Amino acid sequence: MIRSSSILTKFASILILGWMILSLDLQVSAQVKVQLSVDTSKPGPKIDRNIFGQFAEHLGYGVYEGIWVGPDSKIPNTRGIRNDVVTALKTLKVPNVRWPGGCFADEYHWRKGIGTRTVTLNPNWGGVIEANTFGTHEFMDFIDQIGSQVYLSINVGSGTPQEAAEWLEYLTTSQPTTLAKERAANGHPVPYKIPMVGIGNESWDCGGNMTPEYYLRQLTIYSRFVRNFNPAQQGSDQMQKIAVGPGGGEARWTEWTDTIMKAWEKRQWSWDMQGLSLHNYTVINWANKFASVGFGEKEYAQILRETLKMEDLITTHSAIMDKYDPQKKIALVVDEWGSWYAPSPGSNPGFLVQQNSIRDAVLAALNLNIFARHADRVRGANIAQMINVLQAMIMTDKEKMDLTPTYHVFKMYVPFQDATFIPVTFNAGTYTNSGITLPRVDAIAAIDVTGKLWLELTNVDPNEFVEIEVNVPGLNANKGYGETLTAPTVDSVNTFDAPNTVTPKPITAKIQNGKLIIKLDPKSVTVVSLGNAK
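As a starting point, this report considers the structure included with it. Position numbers for residues count from 1 along each chain, tracking the sequence in the order it is written. In keeping with the model being predicted, local features are shown solely for residues with a pLDDT of at least 70 and side-chain atom pairs are shown and tallied solely at 80 or more, while totals for entire chains, interfaces and linings include all residues. Only hydrogens and water are set aside; all other atoms, that is, all heavy atoms of the structure, feed into the side-chain values.

Strand pairing is assigned whenever DSSP detects at least two bridges linking the two strands. Here a helix means four or more residues in a row that DSSP labels H or I, a strand means two or more in a row labelled E, and each is numbered from the N terminus. The eight strands are arranged 2-5-8-9-10-11-12-13 in a closed barrel whose pairing can be described as parallel. Strand-to-strand, the axes of this sheet are offset by a mean angle of 30°, without reference to chain direction. Taken together, the three bridges between strand 2 (residues 53-55) and strand 13 (residues 378-384) define a ladder with parallel strand orientation. Bridge pairing links Gln54 to Ile383 in strand 13. Along the sheet, helix 3 (residues 136-146) makes contact with strand 5 (97-99) and strand 8 (150-154), crossing strand 5 at roughly 170°. Contacts between residues were defined by any pair of non-hydrogen atoms, one from each residue, lying within 4.5 Å. Every axis corresponds to a line fitted to the C-alpha atoms, with the helix fit spanning only the stretch in contact, and the corresponding angles, defined between N-to-C directions, vary from 0 to 180 degrees. The strands touched by helix 10 (residues 358-373) within the sheet are strand 11 (275-282), strand 12 (331-339) and strand 13, with strand 12 carrying the most contacts at an inclination of about 170°.

Next comes the structure, spelled out in structure tokens:
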């Protein structure tokens, strides 16, 4: 009896253990299956292509080496601008490039970068020599080569309204003024098109430490006198003026937005603006920044939790803007955003060199999705920065070039440029690590100009696969085609020696029982085309 009882007890224990394992498996399975519905009957606003803008500041190797190598360089170039970078950026269909800064813009005097160049210092970023060999004409040539548009930052901090006004006359007038003749003598008789002008940069900090009231006075002056004279930009294609906006969500920032927007509502004919900027970097501790490589899952979760605060930030300032501008005439332009980590070991701290991992790819997707969900107000954004600085698209080292995980995300998102936002509903689920709980899944949908439906799906969870069942009533498709971006570990990066560690892979999603089934890899960004939507 004792022996039989012992066997029965062991058998019962095995059964209980098996049931517990099965139950756990069922729970996990339930957690990693997501039902997602796409409602094409309720199209939303256009996802403005300008939210995929870039930022190129005279900072570290961002411009010099990253873009400009000079016409005498052994690195293949066209008029001094490196060909490999141009080819890579053309693929992204970059809508606009913000230049020359940044903090650099409020110490930039444009005349030093035309004709005979003036060699100066760059006090903001490393105290190095600024040769000014990359100036107005070189930037405009770069814009033309990559097929983009100009977002010009003018100097409010250390400049004058006259200096800024003369720069715009030099660039845009077709009449035979002295400045137009000078532009022609420097190689460009035809006036340039300038779609966007930023009136100052971070005027509350590196741009002059101004109060909102003081900046408002500068804004009204510069907005009045900085004109665009290009005959092609006097109608519906007028230049957009972007005012300095907030740099956070605290009281000082909400007061700034309120001050500028209240003044705009009561403005007189002599000044106007079309956009308000917002700057927000993903940083947890400015005094002790996280590393961009060699981190673990805890740091992965911490950074993504921090970046998701962009949602509340945009909601807060949009609500203030709605109070004075219910018709949403003024765009919110997030013209500096991205991850900011500790400088790479051995680099000049003032050059802001950091690596770019799959974590940054997920971070980029989460932010782009936030912008898309606020497309009625967010109609511009510029990731910081384009090359070799902060969350860059591209890294270079002399003749070498490497495409980052963030580059691949921007390439995957090209179909969303100027597409129509389509609402989706889903249960995001949760991913938890070290007491941090995040939405496991994020998603957006859009219909492009050809009528094709696109779906973006982000799996934040670095450990678990997620199966998505997509319900699209009236979908005219048998399969979904697209790409997915993932990596072996949360800190996986591309390097010059191993450039394909984090690169997109093609995927095909199948239709089962009228639903599209997509299996998402852990820590992944996926974009799928689902055919034409009815």
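Here the narrative resumes, following the displayed structure.
Helix span is expected to be 1.5 Å times the residue number reduced by one. Taking 1.5 Å of rise per residue, the twelve residues of helix 4 (residues 161-172) would be expected to cover 16 Å, and the 16 Å separating its terminal C-alpha atoms lies within 8% of that figure. Type-normalised accessible area, obtained with a 1.4 Å probe on protein chains alone, sets the label of each residue: buried when under 20%, exposed when over 50%, and partly exposed for intermediate values. Listing the buried residues of helix 4 in full gives Glu163, Ala164, Ala165, Trp167, Leu168, Tyr170, Leu171 and Thr172. Each element contacted by the buried residues of helix 4 is listed here: strand 5, helix 3, strand 8, helix 5 (178-185), strand 9 (196-199) and helix 6 (212-225).

Following the sequence through the fold, Asn280 ends up in strand 11. Residue classification places Asn280 among the buried residues on the basis of a relative accessible area of 18%. Once the C-alpha coordinates of Asn280 and Met310 are considered, the two residues, 30 residues apart in sequence, prove to be 7.5 Å apart. Not counting the four nearest positions on each side in its chain, Asn280 is found in contact with Met310, Leu313, Glu336, Trp337 and Gly338.

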